[in-house]
Amino acid sequence: MAPSSLMSILRRYWRVDYDQPELVVAQYRAFSGKMPMMYLILLINSWALAYTYLDLAPHWLGLYFPALLTVLCATRLSFWWRGRHVDPTPGMAARALQRTNILAAPIALSFSLWSIMLFPYGDSYAQAHVAFYMGITVICCIFCLMYLRSAALSVALIVNGIFTLFFISTHIPVFVAAVLNVVLVTVGMLAIVNSHYSDFTRLIDAQVKTALLSNENLRLANLDSLTQIPNRRKFFAQLHQICSRATADGQRFSLAILDLDGFKAVNDLYGHTHGDQLLKEVAQRLSAQCQDECFHLARLGGDEFAVIIDADLGDQALQAFGTRICAALRRPFVLYKATVQIAASVGVASFPDMAVDATSLYEHADYALYQGKRERRGTITLFSERDKAQIQRNANIEQALRLADFERELSVFFQPIVRLGDCQPIGFEALARWHSAVKGAVAPSEFIPAAERMGIINQLSVTLLKKALQAAAAWPDTLRLSFNLSANDVNTSEGMAEIVKVITHSGFSPSRLDLEITETAVLQDLQKSRQLVSALRALGCGITLDDFGTGYASLSHLHALPLTRIKIDKSFVADIEHNQVSYKIVKSLLALTHDMQLACVVEGIETPQHLQRLRELGALYGQGYLFAMPLPAAQVETWLQQPRPA
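Q: Is there a simple way to explain the overall build of the chain in this structure?
A: Along the backbone of the chain there are 24 helices and 17 strands. Against the 2.2 N^0.38 benchmark of 26 Å for 646 residues, the chain shows a C-alpha radius of gyration of 44 Å, more extended than a compact globule. Dimensions of the chain, computed from the C-alpha atoms along their principal axes, are close to 145 × 55 × 50 Å. Pairs at least 24 apart in sequence give 72% of the contacts found in the chain among residues at least 6 apart. About 31,600 Å² of surface is accessible on the chain, with carbon and sulfur atoms providing 59% of the total. Charge centroids of the chain, computed over 56 positive and 56 negative side chains, lie 5 Å from each other.

What follows is the structure, given as structure tokens:
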């Protein structure tokens, strides 16, 4: 073997592995548990030998020298004892092991030479004690040092080298035989120590790899694979952690949830590849806005993101932060060969003034987000006391709905639909009314959404449709009935089956019934909606698209549905006599319905000026307070008999 290879092997066996910090720390912990036992056995055996030579050897050798060695060992022992509960750093552990590595040789040499120096003063029994002391004690020390292989080798070579050379030189057969035994045992022990150390090293290496893999798995489990920012799981874990700390320390923090406006259109127009690229770009822009350590950004899923603001920011600072986010996302995105522009709506709630725990904080921020999306898209909305009161009111309404007797408490009012040319009625729209036994009169704008959230809207629809059909059966055959269907009615086979059942058993002619559906209800599942709506058309019912112009229906959607009529939303009529934009929108919608050969009803006609403008535009049908307020069923006949000026 080349000298360089031999030196390399020797260095490997006699060095502390600084390049493996986990191994060094594990060695330190394992060795520190054996250190007290090693020194204790060494000192007890040494003083037993000193006692044997107390009256045989000089005091400086039999008493003072072992006392000095005892002080040295006690000092080393106290060092290890003080650090027994310390969680060592790799550097601290390496220094401690290196000191042991360095001191092992002089300590082993000192005890070996001391025992050899005692040998000449003793009789045969005392001399045998020296041989026994050196042979047994070194075995104990080697085993205690097995986690520090370099120190174990040093002790074994020094003690057994001195032992072998000295006792062979005595030429006493018993001692020579003892040398042979000790050498063989030492070789076996060193082989065991080396094997144990190798197994120990592999075990620590496996633990390190397992820990790294576990950490990587944990990182991936908490990371959104597309955007490389924290995911929903990490977000909620962090939210609960910060909330618990804020509760304990009396601190304030906020949560912002944002949703992209126009993302679905990008997906539909350019495909999911562009949509994914857009989400990556959004995450990068948000990360740039959230570089401060108090901001914790995450992607909740789809096009929804969240930011935990771990700082006490006032409403003005939160508004400024949300405005920066909205402005950053409003800038155009360049995706492959397409340039797109979107916006973002942001909802913010603060803890503890607007929420009592992590769950309610999330719900309130989410509530603020969707309030903003309904009222002012592309801006930030702060959750307020008014919102908190509305949530409580919604909860009260939902509780009252659970206790309601729908047959007794629900009623139907009717608003006339007229020909705008002569103001003569062509039908009535059925409008839901609820007089709760608990809360009194509740507006449809409150109890209808509550019933949809609770999943009981179909029960209301069935009850109201029965009452509306029953009342309409008494009208002249020339009058039609319009009835609004919910998204649940339109998108579920069970809900539609109930509606069809009520119609077929009512005795009212389906050809006089117009069922109104909204754009948002249809777009939830266009394919299924088309199938179910086609079944209603086959029954003979008319299909009206309600609130046209306020949703996202495209011409392709309109062609996909078997519509017979469209309603133009009242928001376009409110200022039609002053606002040229509203005027042009209504004009375009009327032209569109004419080209598609669909009847058109204009909602929200409240003044003679509205009527005049719509007549000028060629509108044929309309409804609104100008003609009549919604009427109870009992007053419809009276209203029909009243004369109406053209």
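And the narrative resumes.
Q: Is there a simple way to think about the side chain of Asp569 in this case?
A: For Asp569, the location among the structural elements is in the loop between strand 14 (565-568) and helix 22 (580-595). An unpaired buried charge is present at Asp569: no salt bridge exists, and Lys570, the closest side chain of opposite charge, is 6.8 Å distant. At a separation of 2.6 Å, a polar atom in the side chain of Asp569 contacts the side chain of Ser571.

Q: It is not clear to me how the pattern of salt bridges should be interpreted in this structure. Could you clarify?
A: The tally for this structure, following the rule as stated, stands at 22 salt bridges. Residue Asp310 pairs with Arg245 through a salt bridge whose shortest N-O separation is 2.7 Å. Residue Asp310 is found in the loop between strand 3 (304-309) and helix 11 (315-330), and its partner Arg245 is found in helix 8 (residues 232-249); the two are separated by 65 residues along the sequence. Residue Arg245 is classed as partly exposed on the basis of its relative accessible area of 33%. The salt bridge involving Glu385 is made with Lys388; its shortest N-O contact spans 3.9 Å. Of this pair, Glu385 and Lys388 both sit in helix 13 (residues 385-403), three residues apart, which is roughly one turn of that helix. Judged by its relative accessible area of 48%, Glu385 falls in the partly exposed class.

Q: Explain helix 20 (residues 526-539) to me, please; I cannot follow it from the model alone.
A: Along an α-helix, a turn takes 3.6 residues, which lines up residues three or four apart on a common side. For helix 20, spanning 14 residues, the distance from its first C-alpha to its last is 20 Å, which sits close to the expected 20 Å at 1.5 Å a residue. Listed in full, the buried residues belonging to helix 20 are Ser529, Leu532, Val533 and Leu536. Within helix 20, the buried residues cover an arc of 100 degrees as seen down the axis, which keeps them to one side. The outward face of helix 20, more than 90 degrees from its buried face, is lined by the exposed residues Gln531 and Ala538. At the exit of helix 20 stands Gly540, carrying a positive phi of roughly 115 degrees.

Q: Before we go on, may I ask you to explain empty space enclosed by the protein in this structure?
A: One way to see where empty space is left: roll a probe the size of a water molecule over the atoms. Within the structure shown, the criterion is met by three cavities of 30 Å³ or more. For the largest cavity, the calculated volume is near 270 Å³. Leu42, Ile107, Ala108, Cys141 and Val155 are the residues nearest the centre of the largest cavity, which is lined by 22 residues in total. If you list the elements that add at least two residues to the lining of the largest cavity, you get helix 2 (21-52), helix 4 (90-118), helix 5 (124-144) and helix 6 (149-169).

Q: Sorry if this is basic, but what is going on with the layout of surface pockets here?
A: The calculated volume of the second largest pocket comes to roughly 190 Å³. Lining the second largest pocket we find Leu590, Thr593, His594, Leu598, Ala599, Cys600, Leu617, Gly618, Ala619, Leu620 and Tyr621. The set of elements that each furnish at least two residues to the lining of the second largest pocket consists of helix 22 and strand 15 (599-602). With three residues, helix 22 is the largest single contributor of residues to the lining of the second largest pocket. A per-class count over the lining of the second largest pocket returns eight nonpolar, three polar and no charged.

Q: Whenever I open this one, the packing of helix 2 against helix 5 confuses me. Can you help?
A: Pairs of packed helices are described in terms of their axes, by the angle between the two and the distance that separates them. With their axes 9 Å apart at the nearest point, helix 2 and helix 5 run at an angle of 175 degrees to one another. As judged from the angle between their axes, helix 2 and helix 5 are roughly antiparallel. Taken together, the residues of helix 5 that come into contact with helix 2 (itself represented by Phe31, Lys34, Met37, Met38, Ile41, Leu42, Asn45, Ser46, Ala48, Leu49 and Thr52) are Ala126, His129, Val130, Tyr133, Thr137, Cys140, Cys141 and Cys144. Grouping the amino acids of the contact of helix 2 with helix 5 by side-chain chemistry returns 13 nonpolar, five polar and one charged.

Thresholds applied
Residues numbered from 1 in each chain as written. Predicted model: local features only at pLDDT ≥ 70, side-chain atom pairs only at ≥ 80, totals over all residues. Heavy atoms only, no water. Helix = DSSP H or I, 4+ residues; strand = E, 2+ residues; numbered from the N terminus. Rg over C-alpha atoms; globule rule 2.2 N^0.38 Å. Contact = heavy atoms within 4.5 Å. Areas by Shrake-Rupley, 256 points an atom, 1.4 Å probe, with all protein chains shown as cover. Lys, Arg positive; Asp, Glu negative; His and termini not counted. Charge placed at Lys NZ, Arg CZ, Asp CG, Glu CD. Buried < 20%, exposed > 50% of the residue type's maximum accessible area, 1.4 Å probe, protein only. Salt bridge = Lys/Arg side-chain N within 4 Å of Asp/Glu carboxyl O. Polar contact = N/O pair within 3.5 Å; in protein donor to acceptor, adjacent residues only side chain to side chain. Expected span 1.5 Å × (residues − 1). Arc of directions from axis to C-beta. 1 Å grid on protein atoms, 1.4 Å probe; cavity = no way out; pocket = protein on both sides within 12 Å on 5 of 7 lines; lining within 4 Å. Points joined across faces, edges and corners; volume = space filled by probe spheres on them. Nonpolar A, V, L, I, M, F, W, Y, C, P; charged D, E, K, R; others polar. Axes fitted to C-alpha atoms, helices over the stretch in contact; angles between N-to-C directions. Parallel < 35°, antiparallel > 145°, perpendicular 65-115°, else oblique.

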